[in-house]
Amino acid sequence: MEKDRGEADVEIPVGLVHPALLEPYRPRFFLQDEVVTDCEITLDAQHRGIERMMEGIPVDKCNIITERICGICSCVHLWNSVRVVEKGLNITIPERAQYMRVIINELERLTSHLIFFGHALEIIGHETLAMRAFIAREPFMILLGELSGNRVHYACPVIGGIRPRCNPTDDMCKKALAQLGPAADYVKDYADRILQDAMIMSRIEGVGVLTKEEAIKYHVVGPTARSSGVAKDWRTDIPDYKHFDWDVIVLDDGDVKTRVVQRVLETFEIIKILKQGFENIPAGEVRTKDWKLGTMPITTCYHEAPRGELYDSYGLDEKGNVRHYKNRTPTLTNLGAMEVACLGEHLTDAVLTVASCDPCLCCTNR
Amino acid sequence: MFKAISRRNAVHVMLVYAGGCNGCDIEVVNCVLSPYYDIEQYKVMLTWNPREADILLVTGPVLKRIEPALKKIYDAIPDPKLVAAVGSCAINGNVFSNLGGDLGPSEEIAGPLDKVLPVAAKIPGCPPRPEDIISAAASAIPILAEMEV
Amino acid sequence: MENVNFIISAVVLTVIALFFGPVFLGIERKIQARIQQRIGPPILTPGTWSILKFWNKKPFTPNSPLPWLYHALPPATIIIILVILWLTNPDWWGLPLSLSTLVAIVGIMKFEEVMYVIMGSLSRSILSVTMPYGDVVKGAVTKARIRRFLEGQSAVRFIKHITIASFPIYIAIFIPVVMARSIFVQDVVLYQGSFLDLSPILFTVPGFVGAIVYFVGYVAQLNDYPFTIAKAKGDLIEGAPLEYGAHARGNYYIMRGVWMFVLSSLFVTLFFGIPPVVDFSSMLGVSQLVMHVLLTFALPVLVSVLSAFGPILTFKQLYPVSFGFTAIGVFGLLLAL
Ligand code: SF4
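Residues numbered from 1 in each chain as written. Chains lettered and ligands numbered in written order. Predicted model: local features only at pLDDT ≥ 70, side-chain atom pairs only at ≥ 80, totals over all residues. Heavy atoms only, no water.

(A) Structural context of the overall build of chain A. When helices and strands are counted, chain A shows 13 helices and 8 strands. The C-alpha radius of gyration of chain A comes to 21 Å, within 12% of the 21 Å expected for a compact globule of 366 residues. Taking the contacts inside chain A whose residues are at least 6 apart along the sequence as the reference set, 70% of them involve residues at least 24 apart. Total accessible area on chain A is roughly 11600 Å²; 52% of this is exposed by carbon and sulfur atoms. Across chain A, the centroid of the 43 positively charged side chains sits 7 Å from that of the 54 negatively charged ones. (Helix = DSSP H or I, 4+ residues; strand = E, 2+ residues; numbered from the N terminus. Rg over C-alpha atoms; globule rule 2.2 N^0.38 Å. Contact = heavy atoms within 4.5 Å. Areas by Shrake-Rupley, 256 points an atom, 1.4 Å probe, with all protein chains shown as cover. Lys, Arg positive; Asp, Glu negative; His and termini not counted. Charge placed at Lys NZ, Arg CZ, Asp CG, Glu CD.)

Right under this line is the structure:
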């Protein structure tokens with residue numbers, strides 16, 4: 001289906017404060033009757049100038065700021081920023097630290113996906129199931145709080161390993177494993193409940209289709225791309241994930257339903273990783289001090305954030321200060337593609353489509 | 001008629017994201033309102049319409065780009081009204097206005113919040129714990145009830 | 001004497017409606033909260049106390065081309081929908097108005113619906129076009145001639161909603177009419193026997209079909225989930241009533257509550273054969289009124305359960321749903337013949 005950006009009679013600007021957007025950004029929908037013929041999303045409201053703040057800052061302070069780029073995927077930002085130094089200076093980290101990083105990161109991905117379900121259901125007006133998503137999410141948040149000491153900014157990876165605070169005792173691992181069972185069952189039941197609800201399915205099926213060609217053209221990343229048939233997951237390239245057995249979920253249809261189903265299936269994979277993590281976590285050190293900061297050429301690292309590809313690059317000068325910090329987050333390209341995917345939809349469905357790539361504007365604006 | 005008692009028994013809060021990371025916002029929308037904590041049982045309800053609101057919760061360091069909108073929204077709330085700053089960002093700008101390299105901290109920030117709006121309650125933490133948000137709401141309600149107008 | 005009687009009953013019914021309407025709002029919220037596995041607000045909080053709170057706020061001028069009309073709409077609507085309640089009262093049947101017919105009631109119902117369209121076109125909330133944010137800048141797309149407020153879109157949707165989603169309730173109202181072979185409320189009520197010897201239409205096959213269709217129409221009339229496209233939270237936030245604040249919002253809440261009560265009361269009158277009698281002289285009259293009020297709780301409770309499980313239906317789903325139930329209603333009509 002060829003989608004044209006057509007003529008319009010009416011424009012409806014939405015935002016900055018809006019229950020479906022949550023974060024401040026401003027889509028402008030151009031309508032003919034109620035059908036969206038063009039859409040423009042203005043993004044800059046949350047720009048904090050983080051890249052500019054980073055110039056010449058000591059690298060450990062830099063990591064405090066990168067973590068605060070986003071409150072939903074804070075671990076992956078921190079991890080990727082730490083990985084840049086580790087890659088540039090050839091630091092190998094202990095195996096236990098690798099396990100812990102993956103565990104925290106996957107727990108975070110899980111809570112992030114559950115927010116997505118809750119939020120998508122709130123947009124289509126199903127408050128009850130949205131609330132169920134938050135019930136399902138809370139045990140994982142508490143678990144994260146217990147493992148790392150904070151519910152949102154875990155501050156887990158540091159250069160050379162993880163923060164000793166985040167090093168769980170064996171008892172904690174056992175307890176976490178025991179908690180994981182019922183919580184994961186709840187998530188399974190919940191996902192079944194969504195996928196069997198005829199009314200919800202009639203709202204999201206066939207809405208906001210993004211074909212594979214369009215997905216490649218707009219460089220869509222992450223779950224949004226994987227539900228349009230593009231098989232790319234940066235986690236497969238990261239050595240820490242080599243300890244685990246899991247699959248990349250790729251689906252082909254590219255509508256809102258597929259995006260939900262893809263995340264549901266991905267949630268099950270995450271639970272698989274978490275179970276392996278808590279079972280097999282090796283004993284030993286969590287941090288090496290066997291490195292020295294020094295001049296580092298500009299180094300680039302990619303990682304898979306809950307919403308897709310995350311890019312960080314910077315170099316260090318001789319004092320260990322950050323130079324030329326760059327960061328790019330997945331939502332930028334995803335939202336650009338959603339401008340196209342929502343064409344031809346009813347306004348209410350268009351808002352749903354835009355939200356279905358799970359946009360995270362605080363990352364995108366930095 | 002029934003001024004103080006009705007204000008004690010029904011409070012509408014409105015949440016504005018003023019440019020922080022998402023941490024505080026998610027804690028308010030998806031945690032404090034979720035069945036696990038359920039702030040509605042303390043007679044506090046969430047709204048997205050300033051005309052309906054009594055308490056304005058602001059998260060984030062108040063960026064220059066959002067400041068005019070925030071002020072307009074504050075003006076749209078009918079009196080009596082209170083503003084609560086949620087999180088370190090809204091209270092003192094957190095890392096964004098206190099850390100910086102060669103070029104200094106961020107210049108995009110108009111806040112912290114008390115430079116922009118009169119703040120009645122501050123809820124510290126990055127992000128604040130859900131219990132703290134609930135107890136702050138509970139302690140703001142009597143202030144609201146005793147207000148003139 | 002007669003004159004005094006009908007005034008007294010009008011006043012009593014008004015007081016009942018003003019009291020129970022807001023309570024219904026609270027009951028609805030409470031039931032939804034329980035379904036969502038949380039405790040939820042106390043029953044009086046979302047309705048009664050909120051309204052009192054809004055009345056105690058400082059009045060202001062709304063952003064509207066005609067602020068006085070915008071503010072006058074809810075009180076006017078409350079009075080007009082109360083007329084429906086009065087017309088079903090036996091003291092009003094005898095008045096030389098000839099208005100106690102279901103045709104008149106349907107006409108009055110139309111007003112309530114149209115009122116939302118006016119409301120939507122008069123409101124100019126800051127949440128969309130006037131939000132101070134530089135999005136129309138050099139290089140931005142400007143295709144459309146009109147920048148429409150969310151409420152404007154809400155008004156447009158209400159027009160569509162009126163045309164399609166109110167069929168079910170009208171069809172349902174006329175099923176008792178066909179069964180009683182009269183458009184007079186009096187005849188419909190008497191057809192079902194006296195209070196002590198009732199044979200409600202609800203328990204006949206066409207009556208039951210009618211009740212189901214009435215229920216769906218009731219949800220559509222209240223614009224509650226899932227028929228809430230005209231004020232869908234996902235894109236229009238609240239739609240037409242966005243600019244109501246302070247006392248005007250209190251009035252708007254009352255309007256919603258009273259509308260909930262009046263339609264529920266009409267259901268009890270038509271399908272149970274128990275009109276809202278105001279007669280404090282005998283036990284029979286009092287118990288009839290109590291029974292009537294108790295039965296009005298049924299529909300709001302059912303609505304809250306349905307709305308807790310329904311997503312917003314867009315027009316794509318709304319057309320088939322509405323036409324489907326209209327068809328069921330027509331089937332009920334044929335059965336009633
Ligand atoms: S206080 Fe912390 S959690 Fe809250 S918005 Fe600021 S950085 Fe995010």
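(B) How the structure looks around empty space enclosed by the protein. Counted by the stated rule, this structure contains 13 cavities of 30 Å³ or more. Along the wall of the largest cavity there are 39 residues; nearest its centre are A:Glu127, B:Leu46, C:Arg29, C:Tyr225 and C:Lys233. Classifying every residue of the lining of the largest cavity gives 14 nonpolar, 12 polar and 13 charged. (1 Å grid on protein atoms, 1.4 Å probe; cavity = no way out; pocket = protein on both sides within 12 Å on 5 of 7 lines; lining within 4 Å. Points joined across faces, edges and corners; volume = space filled by probe spheres on them. Nonpolar A, V, L, I, M, F, W, Y, C, P; charged D, E, K, R; others polar.)

(C) Structural context of the sheet that holds strand β7 (residues 308-316) of chain A. All names here are of chain A. With antiparallel pairing, the 3 strands of this open sheet are ordered in space as β6-β7-β8. Each of the sheet's edge strands pairs with one partner strand only, and the pair in question is β6 (296-305) and β8 (322-328). Within the sheet, the average angular offset between the axes of one strand and its neighbour, ignoring direction, is 10°. Of the pairings in the sheet, the one linking β7 to β8 comprises 5 bridges and is antiparallel in character. Within β8, the position partnered with Leu316 by the bridge is Val322. Most of the contacts of helix α3 (residues 74-88) go to β6, to which it runs at about 145°, and overall it touches β6, β7 and β8. (Pairing = 2+ DSSP bridges. Axes fitted to C-alpha atoms, helices over the stretch in contact; angles between N-to-C directions.)

(D) Structural detail: the pairing of strand β4 (residues 82-86) of chain B. Residues and elements named next belong to chain B. Across the 5 residues of β4, 5 count as buried, placing the element largely inside the fold. Of the two faces of β4, the one carrying Leu82, Ala84 and Val86 and the one carrying Val83 and Ala85 are both buried. In this structure, strand β3 (residues 55-59) lies alongside β4, joined through 5 bridges in parallel fashion. Pairing of Leu56 across the sheet is with Val83, part of β4. Considered for its hand, the β-α-β crossover made up of β3, helix α3 (residues 67-76) and β4 is right-handed. Where β4 meets strand β5 (residues 121-123), 3 bridges bridge the pair, whose relative direction is parallel. Bridge assignment links Ala85 to a residue of β5, and that residue is Lys122. (Buried < 20%, exposed > 50% of the residue type's maximum accessible area, 1.4 Å probe, protein only. Right-handed = clockwise from strand over helix to strand, strands pointing away.)

(E) Region of interest: the sheet that holds β5(B). Residue and element names in this part refer to chain B. Read across the sheet, 5 strands follow the order β2-β1-β3-β4-β5 without closing on themselves; strand pairing throughout is parallel. In this open sheet, the two strands that pair with only one neighbour each are β2 (44-47) and β5. Averaged over all pairs of adjacent strands, the angle between their axes in this sheet comes to 30°, without regard to strand direction. In the packing of α3 onto the sheet, the strands contacted are β1 (11-17), β3 and β4, and the crossing angle to β3 comes to about 165°. Of the strands in this sheet, β1, β2, β3, β4 and β5 are in contact with helix α7 (residues 130-146), which crosses β4 at around 165°.

(F) Region of the structure containing helix α5 (residues 127-148) of chain A. Residues and elements named next belong to chain A. The end-to-end C-alpha separation of α5 is 31 Å, in line with the 32 Å expected for 22 residues at 1.5 Å each. Bending of α5 peaks at approximately 30° at the position of Arg137, with proline Pro139 no more than four residues after it. When you tally the buried positions in α5, you get 18 out of 22 residues, the bulk of the element. Where α5 terminates, the next one or two residues include Gly149, which has phi positive at roughly 100°. (Expected span 1.5 Å × (residues − 1). Bend = angle between axes of the 7 residues up to and from the residue.)

(G) Just the side chain of C:Glu112, in detail. All names here are of chain C. Assignment of secondary structure puts Glu112 in helix α5 (residues 102-122). No salt bridge is formed by the buried Glu112, whose closest oppositely charged neighbour, Arg256, lies at an N-O distance of 7.9 Å. Those residues within four positions of Glu112 in sequence are excluded, and the remaining contacts are Thr77, Ile81, Gln221, Met255 and Trp259. (Salt bridge = Lys/Arg side-chain N within 4 Å of Asp/Glu carboxyl O.)

(H) Focus on the environment of B:Ala69. Inspection of the secondary structure puts B:Ala69 in helix α3. B:Ala69 gets classed as buried once you look at its relative accessible area, which sits at 2%. Placed 53 residues apart in sequence, B:Ala69 and B:Val16 show a C-alpha to C-alpha distance of 9.8 Å. Not counting chain neighbours up to four residues away, the residues in contact with B:Ala69 comprise A:Leu16, C:Met131 and C:Pro132.

(I) Summary view of the interface of chain C and chain A. Listed as interface residues are 44 residues of chain C and, on the opposing side, 48 residues of chain A. Taking both sides of the interface into account, the surface hidden between chain C and chain A amounts to around 4000 Å²; carbon and sulfur atoms contribute 52%. Summed over the shared surface of chain C and chain A, the number is 5 salt bridges. On the surface where chain C and chain A come into contact, there are 12 residue pairs in polar contact (both at pLDDT 80 or more). Among the elements of the structure, α1 (2-35), β1 (146-147), α6 (150-165), α10 (233-236) and α14 (315-336) of chain C are those that each provide at least two residues to the side of chain C that touches chain A. In terms of residue class, the side of chain C that touches chain A is made up of 22 nonpolar, 10 polar and 12 charged. The pairing of strand β1 (residues 10-13) of chain A with β1(C) spans 2 bridges and is parallel. (Buried area = accessible area lost by both parts, 1.4 Å probe. Polar contact = N/O pair within 3.5 Å; in protein donor to acceptor, adjacent residues only side chain to side chain.)

(J) View of the site of the ligand. Residues and elements named next belong to chain B. Near the ligand you find 13 residues, and of these Cys21, Cys24, Cys89, Asn94 and Cys126 are the closest. Elements with a contribution of two residues or more to the shell around the ligand: α2 (23-32) and α4 (87-92). Among the elements that line the shell around the ligand, the one with the most residues is α4, at 3 residues. Across the shell around the ligand, the residue classes break down as 5 nonpolar, 7 polar and 1 charged. (Near = heavy atom within 4 Å.)

(K) Focus on the nonpolar core. Residues A:Phe29, A:Val36, B:Leu56 and B:Leu113 are the most contacted members of the largest nonpolar core, which totals 147 residues. At 13 residues, helix α4 (residues 95-123) of chain A tops the list of elements feeding residues into this core. If near-sequence neighbours (up to four positions away) are discounted, B:Leu113 is found in contact with B:Val58, B:Val62, B:Leu70, B:Val83, B:Ala84, B:Ala85, B:Ala90 and B:Val119. Core analysis: the next-biggest nonpolar cluster, separate from the first, contains 102 residues, C:Leu25, C:Ile162, C:Val178 and C:Phe271 among them. (Core = buried A, V, L, I, M, F, W, Y, C linked by side-chain atoms within 4.5 Å.)

(L) Broad picture of a positive patch on the surface. Residues and elements named next belong to chain A. Taken together, the side chains of Arg163, Arg165, Arg287 and Lys289 define a basic patch exposed on the protein surface. Here Lys289 shows up in the loop between α10 (256-280) and β6. Residue Lys289 is classed as exposed on the basis of its relative accessible area, which comes to 68%. (Patch = residues over 30% accessible without salt bridge, like charges linked within 9 Å, V, L, I, M, F, W, Y side chains within 5 Å.)

(M) Summary view of the packing of aromatic side chains. Residue and element names in this part refer to chain C. If you walk through the whole model with that rule in mind, you get 26 aromatic pairs over all chains. Ring plane angle 85° and centroid distance 5.0 Å describe the contact between Phe24 and Phe297, whose orientation is recorded as edge-to-face. Here the residue Phe24 occupies a position in helix α1, and Phe297 occupies one in the loop between α12 (283-296) and α13 (298-308), the gap between them amounting to 273 residues. For Phe297, a relative accessible area of 24% gives the class partly exposed. Put simply, the rings of Phe19, Phe20, Phe24, Phe261 and Phe297 pair up and form one aromatic cluster. The aromatic ring of Phe54 is capped on one face by Lys53, whose charged end is 4.6 Å from the ring centroid. In this arrangement the basic side chain of Lys160 is found over the ring face of Phe315, its NZ or CZ atom lying 5.0 Å from the centre. (Phe/Tyr/Trp six-rings, centres within 6.5 Å; stacked < 30°, edge-to-face > 60°. Lys NZ or Arg CZ within 6 Å of the ring centre and 35° of its normal.)

These results come straight from atomic positions and should not be treated as a statement about function.
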